[in-house]
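Fold and contact review
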Amino acid sequence: MPRAVKPKAPGALADKKSGPAKKAKGKLYAMPEKLKEGTVLTDLAKGQWRIGPSIGIGGFGEIYAASRVGDKSQDAVVKCEPHGNGPLFVEMHFYLRNAKMDDIKQFKQQHGLKELGMPYILANGSADVNGQKHRFIVMPRYGSDVSKFYIENGKRLPEGTVYRLAIQMLDVYQFMHSTGYVHADLKAANILLGLDKGGASQAYLVDFGLASHYVTGDFKPDPKKMHNGTIEYTSRDAHMGVPTRRADLEILGYNLIEWLGIELPWVRDKLLGVPLKVQKAKESFMNDVGTSLKQLFPQGVSAAIGDYMKYVSKLAHNEAPDYDKCRQWFLNALKQMKIPNSGELEFKLKPHSSNNNESSPPKTKPNAVRKVKKDSPRVMDSSTDDIIYASDEEEKVLPKKRSPADKRKLKPPTVSPKKRALQAKSQNSPRVPATDLSSSKSLSGTPNSKLNCSPGLSLRSSGRPGKTVINDDLTPNPRSKKTYEFNFELDVSMDANVIVNVKRKKKAGTGEQPNDVNSPSSSSSKAVKINSASAKDKDSPVKRINLRKLINESGAASPSTAARSHSPRTPAVTVRKYRR
Ligand SMILES: Nc1ncnc2c1ncn2[C@@H]1O[C@H](COP(=O)(O)OP(=O)(O)OP(=O)(O)O)[C@@H](O)[C@H]1O
């Protein structure tokens with residue numbers, strides 16, 4: 001039995017086998033079937049992989065140790081997700097198109113790098129598991145993730161290690177950005193140490209399920225993707241649904257602060273459940289990041305963190321970051337601390353280290369900037385294309401056969417917003433305050449589209465701490481455990497897919513049970529249904545919910561709706577407070 005299955009992921013590849021027949025009542029999201037140890041999966045190139053123990057469960061899929069049939073060592077991993085899920089599809093295509101071994105090798109040569117924390121794909125395919133179609137990818141196996149050390153240390157990492165990780169992650173960003181993509185979900189749980197001999201000197205950035213083309217044109221907020229990522233670290237641009245290179249750098253910055261043992265303000269203030277509040281907090285934080293950092297670091301802000309965050313706050317949305325400059329700030333800090341930028345990454349804290357300092361790096365500005373060849377990004381204009389949509393083409397893309405060099409890499413395992421808009425100095429970076437996101441003008445130039453949410457209501461993002469949230473219309477999100485009470489009107493455009501979950505309040509003393517109403521509507525249905533049981537009940541709060549299509553008197557879609565149907569990015573749903 002599937003552990004949970006959504007009836008159908010829009011636009012996804014789910015075939016009949018993964019269709020509604022397997023729906024688990026009451027569940028809205030899909031998790032993979034469990035693969036039994038010893039199961040053999042055959043990839044598209046007819047390579048065979050034996051499944052070992054499960055070594056990780058992400059928000060959408062499961063990761064197993066695996067060995068090539070005939071090999072003993074479980075030096076690979078298989079990541080498996082139901083075919084209808086978007087993230088693994090996106091991740092697989094990113095690897096197949098952009099992270100080939102040769103590209104990685106070439107980048108390393110060009111930039112004089114011994115190692116690059118960029119994973120690659122060994123194989124991919126599809127498999128039927130308990131009658132449900134799954135997609136899998138095979139990758140090299142890496143070691144422990146950095147979050148393990150962060151937690152073990154009481155939520156901090158040695159300062160020198162923080163700076164080394166920053167340098168290594170900037171290398172990965174530079175590679176990824178040179179392919180036209182951003183990662184958008186860097187966090188300690190997605191950074192794994194290598195397993196090769198000396199592997200612990202290099203960290204690898206995994207989980208490319210949110211990879212997308214970054215924008216090079218205008219800054220257009222996209223309600224469909226707002227708040228994507230892991231809520232603690234989601235960048236201000238990602239809160240508005242815009243993938244940018246500066247956003248990746250900002251995400252890294254929030255992580256660096258946290259790794260230094262400092263609680264991020266929106267975490268400290270317990271705002272994570274409300275993405276809009278987190279967004280506002282980040283905007284106010286970044287408006288005057290110098291002052292914000294001083295308040296956060298009572299013992300003094302390191303020059304590296306201060307310079308980096310100030311630099312990030314000034315980048316334009318379509319500007320190529322100066323990776324060398326950023327790396328140099330961290331290199332200078334390491335130099336001052338007399339910590340070499342080589343050898344195994346140290347995760348043990350020194351006994352007398354303070355919350356964010358092993359030894360104090362300078363508070364003065366570094367001046368020397370290492371000169372390295374500028375890379376010439378293969379930039380793709382993403383104003384119209386920033387997500388890889390599911391199609392059968394994947395079945396035709398054959399992965400590279402494992403080369404002897406690949407084999408050598410695989411070794412036996414050991415272990416696993418208000419002022420900001422006004423202050424955005426560049427015309428290219430028209431930041432929109434979070435408070436204005438509800439106004440029609442701020443949304444993609446679609447004057448008729450409204451998204452007026454109460455501060456406590458987020459349409460799809462639930463602000464799950466530490467967990468990746470993806471609004472991509474491919475992947476169903478886990479149902480929020482929160483119950484909101486609200487009165488509103490829904491104007492539903494012709495092309496909307498809407499699910500309204502209404503939990504009826506239990507009346508005191510009546511012994512009534514709460515009543516769930518699920519009211520789905522789609523482009524194909526003109527009438528919007530509400531559960532008849534609740535509609536009959538005149539006293540029920542459910543009765544105060546009005547759902548109607550935006551249709552004019554002649555029965556045609558209203559001009560605004562028609563206009564919207566040309567723009568898949570405009571919000572399909574209008575939520576307004578219901579006034580009686
Ligand atoms: N190549 C690998 N080698 C070893 N362990 C891995 C590898 N890839 C992933 N893992 C482990 O599995 C966990 C989940 O992986 P991953 O983040 O890719 O899954 P996910 O479903 O996309 O998760 P989420 O979206 O919730 O972050 C990681 O935190 C890590 O511990």
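Looking up the protein chain in an unreviewed UniProt entry gives the name non-specific serine/threonine protein kinase, with the organism given as Drosophila willistoni.

The environment of the ligand is formed by 20 residues, the closest being Gly59, Lys79, Tyr142, Ala189 and Asp207. Alanine 189 is positioned with one of its backbone polar atoms (N or O) 2.9 Å from an oxygen atom of the ligand. Between the ligand and threonine 468, the relevant distance is 3.2 Å, taken from an oxygen atom to a side-chain nitrogen or oxygen of the residue. Compared with its free state, where it exposes 610 Å², the ligand has 93% of that area covered by protein. Of all the elements in the fold, those that place two or more residues in the shell around the ligand are β2 (48-57), β4 (76-82) and β6 (132-140). Class assignment of the residues belonging to the shell around the ligand gives a composition of 9 nonpolar, 6 polar and 5 charged. Among the domains, domain 1 (16-140) and domain 2 (146-337) are the pair contributing at least three residues each to the shell around the ligand.

Time to look at the UniProt feature "binding site: ATP" (unreviewed entry) in the protein chain. This chain's UniProt record puts "binding site: ATP" (unreviewed entry) on Lys79. Note on placement: lysine 79 falls in strand β4. Under the relative-accessibility criterion, lysine 79 is labelled buried at 11%. For lysine 79, the residues in contact, after removing those within four places along its chain, are Glu62, Ile63, Leu88, Glu91, Arg135, Phe136, Ile137 and Asp207. There is a polar contact of 2.7 Å between the side chain of lysine 79 and the side chain of glutamate 91.

Of all the 7 residues making up strand β3 (residues 62-68), 5 are buried; the element is thus mostly covered by neighbouring parts of the structure. Where β2 lies against β3, 6 bridges are found, and the strand directions are antiparallel. Counterpart to glycine 56 in the pairing with β3 is isoleucine 63. Between the end of β2 and the start of β3, which pair antiparallel, lie 4 residues. As judged from the 5 bridges shared by β3 and β4, these two strands associate in the antiparallel manner. Across the sheet, the residue bridging to glutamate 62 is cysteine 80, located in β4.

This paragraph deals with the packing of aromatic side chains. For the coordinates displayed, the defined rule picks out 13 aromatic pairs. Their ring planes at 55° and their centres at 6.2 Å tell us that phenylalanine 94 and tyrosine 95 sit as a pair that is tilted. Phenylalanine 94 sits in the buried class, given a relative accessible area of 0%. By the ring-pair criterion, three or more aromatic residues cluster together here, those being Phe94, Tyr95, Tyr181 and Phe208.

Our next topic: the sheet that holds β4. Read from one edge to the other, the open sheet built from 6 strands follows the order β1-β2-β3-β4-β6-β5, with strand pairing classed as antiparallel. Strands with a single pairing partner mark the edges of an open sheet, and in this sheet they are β1 (40-42) and β5 (123-129). Neighbour-to-neighbour, the strand axes of the sheet open up by a mean angle of 40°, direction not taken into account. Relative to β6, β5 runs antiparallel, the two sharing 7 bridges. Pairing of alanine 123 across the sheet is with valine 138, part of β6. On the sheet, helix α1 (residues 86-98) packs against β4, β5 and β6 and is oriented at approximately 40° with respect to β6.

About the criteria used
Residues numbered from 1 in each chain as written. Predicted model: local features only at pLDDT ≥ 70, side-chain atom pairs only at ≥ 80, totals over all residues. Heavy atoms only, no water. Near = heavy atom within 4 Å. Polar contact = N/O pair within 3.5 Å; in protein donor to acceptor, adjacent residues only side chain to side chain. Areas by Shrake-Rupley, 256 points an atom, 1.4 Å probe, with all protein chains shown as cover. Helix = DSSP H or I, 4+ residues; strand = E, 2+ residues; numbered from the N terminus. Nonpolar A, V, L, I, M, F, W, Y, C, P; charged D, E, K, R; others polar. Domains from an automatic or database assignment. UniProt positions renumbered as here; feature names shortened; annotations may be inferred. Buried < 20%, exposed > 50% of the residue type's maximum accessible area, 1.4 Å probe, protein only. Contact = heavy atoms within 4.5 Å. Pairing = 2+ DSSP bridges. Phe/Tyr/Trp six-rings, centres within 6.5 Å; stacked < 30°, edge-to-face > 60°. Axes fitted to C-alpha atoms, helices over the stretch in contact; angles between N-to-C directions.

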